[in-house]
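# Notes for the structure review
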Amino acid sequence: MTSTSPKSPKPPLAAVTGALCFVLTVGGASGLLYEWLGWIRFMGFLRFLAPDGYEIYSYVVMIALGLAVGVAGDTLTRRDRG
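Residues numbered from 1 in each chain as written. Predicted model: local features only at pLDDT ≥ 70, side-chain atom pairs only at ≥ 80, totals over all residues. Heavy atoms only, no water.

## What to know about the overall build of the protein
Within the protein, the secondary structure is distributed over two helices and zero strands. The 82 residues of the protein split such that 24% are buried. Residue pairs at least 24 apart in sequence account for 54% of intrachain contacts in the protein once pairs closer than 6 positions are excluded. (Helix = DSSP H or I, 4+ residues; strand = E, 2+ residues; numbered from the N terminus. Buried < 20%, exposed > 50% of the residue type's maximum accessible area, 1.4 Å probe, protein only. Contact = heavy atoms within 4.5 Å.)

This is the structure:
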């Protein structure tokens, strides 16, 4: 018996952009929380991308870039299905 599910599996590009979106957005947000409140870094490896003295700007750019990658990946996925 075959499945009649309307959902098809996600293409690899959608999986990559989704993961990159998550890492950049959550990493940027946790970096901002660390800079402002001194909380534990969730994704501390992203601190190596932020130059000294420009950490807050870098984390804001990471969040914006993560959201842009997520929107672009979602657009590409919808275009492939439609």
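## Description of the nonpolar core
Ranked by size, the top nonpolar core spans seven residues in total: Leu24, Leu32, Met43, Leu46, Ala50, Tyr59 and Met62. Counting only elements with at least two residues in this core, the list comes to helix 1 (12–37) and helix 2 (55–81). Dropping the residues within four chain positions of it, Met62 is found in contact with Leu24, Thr25, Gly28, Leu46 and Leu49. (Core = buried A, V, L, I, M, F, W, Y, C linked by side-chain atoms within 4.5 Å.)

## Details of a nonpolar patch on the surface
Taken together, the side chains of Leu33, Trp36, Leu37, Trp39, Ile56 and Val60 define a hydrophobic patch exposed on the protein surface, amounting to about 610 Å² of accessible area. Counting only elements with at least two residues in the nonpolar patch, the list comes to helix 1 and helix 2. In terms of residues, the nonpolar patch owes the most to one element, helix 1, which gives three residues. Among the structural elements, Leu33 can be located in helix 1. What makes Leu33 partly exposed here is its relative accessible area of 33%. (Patch = residues over 30% accessible without salt bridge, like charges linked within 9 Å, V, L, I, M, F, W, Y side chains within 5 Å. Areas by Shrake-Rupley, 256 points an atom, 1.4 Å probe, with all protein chains shown as cover. Salt bridge = Lys/Arg side-chain N within 4 Å of Asp/Glu carboxyl O.)

## Points about the side chain of Thr17
Along the chain, Thr17 turns up in helix 1. On the basis of relative accessibility, which here comes to 13%, the residue Thr17 falls in the buried class. Only 3.1 Å separates the side chain of Thr17 from the backbone oxygen of Ala14, close enough to count as a polar contact. (Polar contact = N/O pair within 3.5 Å; in protein donor to acceptor, adjacent residues only side chain to side chain.)

## A short note on the packing of aromatic side chains
Using the criterion set out here, one finds one aromatic pair in the structure. Ring geometry for Tyr54 versus Tyr57: centroids 6.4 Å apart, planes at 40°, classification tilted. Considered together, Tyr54 and Tyr57 belong to a single accessibility category, that of exposed residues. (Phe/Tyr/Trp six-rings, centres within 6.5 Å; stacked < 30°, edge-to-face > 60°.)

## Focus on helix 1
For an α-helix, 3.6 residues make a turn, and residues three or four places apart therefore share a direction. Here helix 1 is 26 residues long and its end C-alpha atoms lie 37 Å apart, about the 38 Å a rise of 1.5 Å per residue gives. Residues Ala14, Thr17, Cys21, Leu24, Gly27, Gly28, Ser30, Gly31 and Leu32 constitute the buried set of helix 1. Gly38 occupies a position one or two residues after helix 1 and carries a positive phi of about 75°. (Expected span 1.5 Å × (residues − 1).)

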